[in-house]
Amino acid sequence: MLSGSDTGIGHALAKYLDSLGFVVFAGVLNKDGPGAEELRRSCSQRLSVLQLDITNTTQVQEAYLTVSEKVQNAGLWGVVNNAGILGFPADGELLPMSTYRHCMEVNFFGAVEVSKTFLPLLRKSQGRLVNMSSMAGGIPLPRYAAYGASKAALSMFSGVMRQELSKWGIKVMAIHPSGFRTGIEGTAEQWDKQEKELMENLPADTRQAYGEEYLLGLRNYLLHLPSHCAPDLSPVLGAVLHALLARRPQGLYTPGKGAYIPLCIFCCFPLWFYDFF
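Residues numbered from 1 in each chain as written. Predicted model: local features only at pLDDT ≥ 70, side-chain atom pairs only at ≥ 80, totals over all residues. Heavy atoms only, no water.

J.: Please clarify how the nonpolar core should be interpreted in this entry.
T.: Side chains of nonpolar character tend, in soluble globular proteins, to be buried together. M1, V67, L76, V79 and F118 are the most contacted members of the largest nonpolar core, which totals 29 residues. For this core, the secondary-structure elements that each account for two or more residues are α3 (57–71), α4 (97–125) and α5 (145–164). Take this core: its biggest share by element is 9 residues, from α4. When sequence neighbours within four positions are dropped, the list of residues in contact with L76 reads M1, F25, V67, V71, F118, L121, L122, S125 and G127. V28, V130, L233 and A243 belong to the second largest nonpolar core, which has 26 residues in total. (Core = buried A, V, L, I, M, F, W, Y, C linked by side-chain atoms within 4.5 Å. Buried < 20%, exposed > 50% of the residue type's maximum accessible area, 1.4 Å probe, protein only. Helix = DSSP H or I, 4+ residues; strand = E, 2+ residues; numbered from the N terminus. Contact = heavy atoms within 4.5 Å.)

See below:
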């Protein structure tokens, strides 16, 4: 069972696992949307599309009942918490509290609720819990205070659950991909709305301190973000597959160029060196 299958990594992962013969339960934010329709059209009959807004407790419970009825006593082998949002990338002081709350609601609380709900099925199969965190969840990255904090919380949750659930044979893994072109960047309309909220809530002294030129430059940073991201998702898909199938999976995966090196520098070198880097 995986969440966030409408677009990006979740969509590609649902297709990939289906092509390998897995029975896939693909949770989507909109079961009537283009992503869900594409999965129904291109995948086998083994794949089931589930309406799953992970911030909606009722939908999480309904998804659990549907999956439980289909797998019955066999249990569920894997849960992949992939659904996530980026939020407008801007300095932490500039971001409205609504962005922090929304990131935590989806990237952390939603993933925790899905995990807690489906754990009885994983316990039956001694299965796998895979949480899609981020490079920003392991190291501090400028302009990702809200997103990075929510992913860091998810990574810590993964580590604690890995220790606590081992007594039942359940293995828990966190994935920390580097920059990939996933569609999480959102649409122009979404960014316009978030940018408007950000600008309207800025105190005058804060606006003056940063300057209009810098604030306008945030949009340019956002527009050029996809050009710095890798279009090939196969390293992430391979990491998730290894996490699901390996006899001894890694607790942490860092797929993609540049994901592991900054983490090593952050962990092994003085903080002033990392900040300079």
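There's more to say after this.
J.: Would you mind showing me how to read the pattern of salt bridges here?
T.: Opposite charge on two side chains lets them pair, provided their charged atoms get close. Summed over all chains, the structure comprises 6 salt bridges. Taking the shortest distance from any N to any O, the salt bridge between R40 and E37 comes out at 3.0 Å. Of this pair, R40 and E37 are both found in helix α2 (residues 34–42), 3 residues apart, which corresponds to roughly one turn of the helix. Under the relative-accessibility criterion, E37 is labelled partly exposed at 35%. Its salt-bridge partner being E38, residue R41 comes within 2.3 Å of it at the nearest N-O pair. (Salt bridge = Lys/Arg side-chain N within 4 Å of Asp/Glu carboxyl O.)

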